[in-house]
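Observations on chain architecture
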Amino acid sequence: VQMFTTGRLLLCCGLIGFSAFLTRAQQPLETETARPRQKGAFEVQTAFEYQTSKEGTERALPFAFEYVITDRLSIMAEPVFYTAIRPKTGTRATGIGDLEVTLSYLFAREKGSRPALAIAGEVKAPTARNILIGTREADFTTYLIASKRFGKFDAHANVGYTFVGKPAGAQLKNFFNFAVAGEYFVRPKFTLVAEVLSNTGSSPEAGTV
């Protein structure tokens, strides 16, 4: 569902300081990072998302469960237990969202001027029961991820391509997505984060945000 992309851009830029108790920010960041934890680490994360655009608003409660298989390979499951879509006109929707599972592999560690580099594959399982929340079709996204540390500042960039599951009667197309994010480590348990997301849109008339 692409109707609230603009609102997500504005919100994520304004989420400074939301991850005050995270040692390495992921939530609320949607940007993937090339910073795997130690082998065997397990982490649970959550956030409350509020998105807005000229079409209406959307609220969601996503969770993330990450397990580090090796010092280079990790897997993350991201269920959305609550989604509420409130358009200014038309039908409203409330229910669970889709499940995303991401497998990430670090193939080059940060060295000198070279950033850490990773690749990832993400599968979206169509667990949403309401057609206004999900397409009821599986999607697959591939990512190239880069992370570079500058003192207390950690920068991340993603380029991805999504193969969209096309439900019957829908005019959807595959699309590119882009993300940049920054983390500023003020203290060991206090981090400021910000990000900007964009994509080329899955509907035929959509353009780059």
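Residues numbered from 1 in each chain as written. Predicted model: local features only at pLDDT ≥ 70, side-chain atom pairs only at ≥ 80, totals over all residues. Heavy atoms only, no water.

The subject of this paragraph is the overall build of the chain. Scanning the chain for helices and strands turns up one helix and twelve strands. In sequence order, the secondary structure elements of the chain are arranged as α-β-β-β-β-β-β-β-β-β-β-β-β. Burial statistics for the chain: of 209 residues in total, 44% are counted as buried. Excluding contacts between residues fewer than 6 apart, the proportion of contacts in the chain whose partners are at least 24 apart in sequence is 52%. (Helix = DSSP H or I, 4+ residues; strand = E, 2+ residues; numbered from the N terminus. Buried < 20%, exposed > 50% of the residue type's maximum accessible area, 1.4 Å probe, protein only. Contact = heavy atoms within 4.5 Å.)

Applying the stated criterion across every chain yields a total of six aromatic pairs. Taken together, a centroid distance of 5.0 Å and an interplanar angle of 80° make the contact between Tyr-161 and Phe-163 edge-to-face. In this structure Tyr-161 comes out as partly exposed when scored by relative accessible area, which is 24%. Through pairs of rings, three or more aromatic residues link up here, namely Phe-140, Tyr-161, Phe-163, Phe-176 and Phe-178. The ring of Phe-150 has Lys-148 sitting right over it, with the charged end atom 5.1 Å from the ring centre. (Phe/Tyr/Trp six-rings, centres within 6.5 Å; stacked < 30°, edge-to-face > 60°. Lys NZ or Arg CZ within 6 Å of the ring centre and 35° of its normal.)

With that out of the way, let us pick up the pattern of salt bridges. Under the definition given, this model contains eight salt bridges. Across the pair Glu-43 and Arg-37 runs a salt bridge whose closest N-O atoms are separated by 2.6 Å. Accessibility classification places Glu-43 together with Arg-37 in one group, the buried group. The salt bridge involving Asp-139 is made with Lys-124; its shortest N-O contact spans 3.3 Å. Separated by 15 residues along the polypeptide, Asp-139 in strand E9 (residues 139–150) and Lys-124 in strand E8 (residues 116–125) bring together distant segments of the chain. Comparing Asp-139 with Lys-124, the two get one shared label, buried. Through salt bridges with shared partners, a single ionic network connects Arg-35, Glu-110, Lys-148 and Asp-154. (Salt bridge = Lys/Arg side-chain N within 4 Å of Asp/Glu carboxyl O.)

On to the side chain of Asp-139, then. On the basis of relative accessible area, Asp-139 is assigned to the buried category, the value being 16%. Other than its neighbours up to four places away in sequence, Asp-139 contacts Glu-122, Val-123, Lys-124, Thr-162, Phe-163, Val-164 and Gly-165.

Our next topic: the pairing of strand E7 (residues 99–108). When strand E4 (residues 73–78) meets E7, the two strands line up antiparallel, connected through six bridges. Note that in E7 the partner of Met-76 across the bridge is Thr-102. Pairing between E7 and E8: nine bridges, direction antiparallel. Along E8, the bridge assignment pairs Ser-104 with Ala-120. (Pairing = 2+ DSSP bridges.)

Moving on, we get to the nonpolar core. One recurring pattern in soluble globular proteins: nonpolar side chains tend to sit buried together. In terms of nonpolar packing, the biggest core is built from seven residues, these being Ala-34, Leu-106, Ala-116, Ala-118, Ala-120, Tyr-143 and Ile-145. Counting only elements with at least two residues in this core, the list comes to E8 and E9. In terms of residue count, the dominant contributor to this core is E8 (three residues). With sequence-adjacent residues up to four places away left out, Ala-116 is seen in contact with Ala-34, Arg-35, Leu-106, Ala-108, Arg-109, Glu-110, Ile-145, Ala-146 and Ser-147. (Core = buried A, V, L, I, M, F, W, Y, C linked by side-chain atoms within 4.5 Å.)

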